[in-house]
Structures are given as structure tokens and as C-alpha cells.
Amino acid sequence: MAPAAPSVLLLTCLVLLLGRASPAAEEYGLEITNNGPITTGARATIHASLKFITGNLTIAQIEDNRLITHGSSSSMGAVTRISFCLHDPSHYFKSASFVYNWDFGDGVYQITKEPFVYYNCSTMGNRTVHLKVIAEWEQIGSIIHEREMVQKTGDFTTALELLDAVKSIHVVGSRETHVMENLSLSLHINGTPPLALCWLIKSECIPLEGEKCHLVVINGSCYNLSHTFSDAGQYCLSVRVENGVTMLQTYHEIKVWPTGIHPAFFVLLCIALVSVMLGLVLYTTFRSNTQQKDLVEVADFDFSPLSDKKLSSHSESGCGQICCRSCFLRSSQEAARESHELLHSFYKPVKMYTV
């Protein structure tokens, strides 16, 4: 038995070298044939064959013509690419042709010759994707030395989580406050929880990157925050929300006033001053119109010759009844004044003759 030790040692080294050349996850079948007892000088033939196909599945989401990997998560309604990566460092399948049978777990099946597939689903939830890989190629048999078809298979599964994308962030609250006052804001998020929310208040709006902010994880769609400002000025609330498949960022400007008169008081004061000025303008306009109406006098004059006779006869009769000299003088003065002030009649009195 001693002479057989070197051959066994050599065989063991060959097996170890073969195992080192292949990954631990791969499973090989080992067949040893020889033409006699394994002794010194004996020749042995070793045939190693792979029993199963090895590889892994990856999930990526297409965003702006780019493939973005989010683990096993993808956005609902977005195009998802599921790919199979063959693990073959020894090029065992270099001449093989592959067929891929896809089962998306929702009753949809697809067969392709490419190691990837595009999938779009509008239903939110978790599902399991199954893939069966079949590899075929021709090779020369080891016994009868004829060409024969060789087929290897592999089964793979991966979890696919479809989440609703973060569509909007709505900040509810005042945009103005005072120094040392507590400002309360409410963030309403349209997206599938859990949500990683990051917020930061600075003097200017900045994009949030990394963990340089107040990071919280919420399991709902609403988050309330409060903040007290120690200095007056212009500030900006930066908010970033992500849920594993999408990320969205928004900003909310805040004006902080010093302690004192509220700015609304100045608005009311301006409104009062404008109202007073408008009232004064209307009063002045109305008063001037009234004075112009008061200055207008309406006189009714009769310029006919008969009116002069009636007026003189009426004056004489009045004076005759009163028998007052002053009345007669006053009537004479008024008649003289009217004769000068009134316009002369365009019609001359007509003399009447009786034949």
C-alpha cells in the first residue's frame, strides 16, 4: 500500500486546485477513471462538471435615462429593470445558449433570451420574482466520443417591494414670526412610509446632502416641528424626504421680526391714513360743488313794453293809497335804476291813433 501514497497525494492536490479555481457557491460533480490500480506510475482521468448555474438577481429603477439601484425596492408606476448576473469565472458556459423564464409573482410570465427584463406595475405591495435559467451547449462525450447536448439549470428568487414615490411636500404654517416666539409648522407628505425626513433652518435655502440636518423616520404622512428664533432676519426651512425609491426636497421662507410692534399694525395704520385722505378729498369736492350752486341766481324779467306800464301804474296806485312821499321817491329811484341796468327793449312801442 505504500507505493500508492504518492498517487493519492497527487489526486488530492488536483481536487484542491480544482476547488480553489471555483467559488464555494458552485457545486461540481467529480468523476475519476483509471486503467488499473492506483499505484506508482498509474494514470487517472478526472472529469469535473458543474451541476447548477450560479448567479444573482439585481433590481434597478430607470430615472432620467439612468439605472438607479435601491436594493429590492422600486417606485410604483416606474419602469423597473430586473437583471441576472451569471457567475462563471472559469468560463464554463462560454459556448452555451441561455433561456430565461420570468415569473413576477402577480400572474405575469415572460420568456427572454437576454439576462434582463423590464417590468412596470401600478400596484403597490411586496412580491417575489422567480427566475429559471436554462443553459445548453454541445460537447464531445467522454466515453463514446460523440457530440451530445448538455443542459444545466438554475433557479433564483428575489423580493421586489413596490413603493409609492414621494410626490409632494406641503408646508403648512406662518411665514412670519417674532424673536423668542415658538413657530409651529406642519409637513404633509404624499408618499409611501416609512419616510426618512431631514430638515434644517438656515439663513438661506440650501440642498440637503448627507446627515447635516435633523433626521427623523416617520411611519405616517404628517410631521410637526417647532422652532424658536433668537435673532431677527430672513430664514429658510429646507426639507428633504425619501422613502427608499425616490427623494424630494422643498423650501419654506420665514421672516423673523424683532420684538415690538407687529407689522400688521403698520398695515392698518396705512389703511387708516389712506381712508382719511380720501375722505378729505371727497369732502372738499362736495363743498366746492355746493358753493357754486349757491352763487347761481335766477331772475325772471319781462322786457315787454306793457310790463313797464303795469309797473308804473302799480307803483303810482301804491303810493296813492299810502300817501307817503318817501314811497314815491323810492319807487322813482328803483324805476330809474332798473331803466339803467336792464337791457333796452328791441321792440318800440306802437302808437295807436283813432280816426
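A brief structural summary. All figures in this text were calculated on a predicted structure; none of them were measured in a lab.

## Points about the packing of aromatic side chains
- Using the criterion set out here, one finds ten aromatic pairs in the structure.
- Judged by centre distance (5.5 Å) and plane angle (85°), the ring pair of Y92 and W137 falls under edge-to-face. Placement of Y92 in the loop between β6 (79-86) and β7 (97-103) and of W137 in strand β10 (residues 125-140) is noted, with a sequence separation of 45 residues between them.
- Using a relative accessible area of 6% as the deciding quantity, one classes W137 as buried.
- Ring centres of F104 and Y119 lie 4.5 Å apart, and the angle between their planes is 10°; this geometry places the pair in the stacked category. Taken as a pair, F104 in the loop between β7 and β8 (109-112) and Y119 in strand β9 (residues 116-120) lie far apart in primary sequence, 15 residues in all.

## Quick word on unusual backbone geometry
- Backbone geometry at H91 places phi at a positive 55°, although glycine is not the residue there.
- Residue class for H91 comes out exposed when judged on its relative accessible area of 54%.

## Details of the pattern of salt bridges
- Tallied over the entire structure, the rule returns three salt bridges.
- For D106, the salt bridge is made with R127, and the minimal N-O distance between the two is 3.2 Å. On the criterion of sequence distance, the pair formed by D106 in the loop between β7 and β8 and R127 in strand β10 is long-range, its members being 21 residues apart.
- Look at R127 and you get buried, because its relative accessible area is 12%.
- The partner of D155 in a salt bridge is K132, and the shortest N-O contact between them spans 3.6 Å. Of this pair, D155 sits in strand β11 (residues 147-163) while K132 sits in strand β10, and the two are 23 residues apart along the sequence.
- The exposure class of D155 is exposed, given its relative accessible area of 59%.

## Some words on a nonpolar patch on the surface
- Side chains of I62, L67, V79 and Y118 sit close together on the surface and give an oily, nonpolar patch of about 330 Å² of accessible area.
- Looking at where Y118 falls in the secondary structure, it is placed in strand β9.
- Given the relative accessible area of 41%, Y118 is considered partly exposed.

What counts and what doesn't
- Within each chain, residues carry numbers counting from 1 in the order of the written sequence.
- Confidence filtering applies because this is a predicted model: local features only for residues at pLDDT of at least 70, side-chain atom pairs given and counted only at 80 or more, and all residues used for totals across whole chains, interfaces and linings.
- Heavy atoms throughout the structure, all of them, feed into the side-chain values; hydrogens and water do not.
- Here is the rule: rings of Phe, Tyr and Trp (six-membered ring for Trp) pair when centre to centre is within 6.5 Å. Planes less than 30 degrees apart are stacked, more than 60 are edge-to-face, and the remainder are tilted.
- Helix numbering and strand numbering both begin at the N terminus, where a helix is a DSSP run of H or I of at least 4 residues and a strand a DSSP run of E of at least 2.
- Residue exposure (1.4 Å probe, protein chains only): buried if accessible area is under 20% of the type maximum, exposed if over 50%, otherwise partly exposed.
- Criterion for a salt bridge: a side-chain nitrogen of Lys or Arg within 4 Å of a carboxyl oxygen of Asp or Glu.
- Without a salt bridge and with relative accessible area above 30%, a residue can belong to a patch; like charges are then joined within 9 Å and nonpolar side chains (Val, Leu, Ile, Met, Phe, Trp, Tyr) within 5 Å.
- Every accessible area reported is derived by Shrake-Rupley at a probe size of 1.4 Å, with residue values counting cover from the shown protein chains alone.

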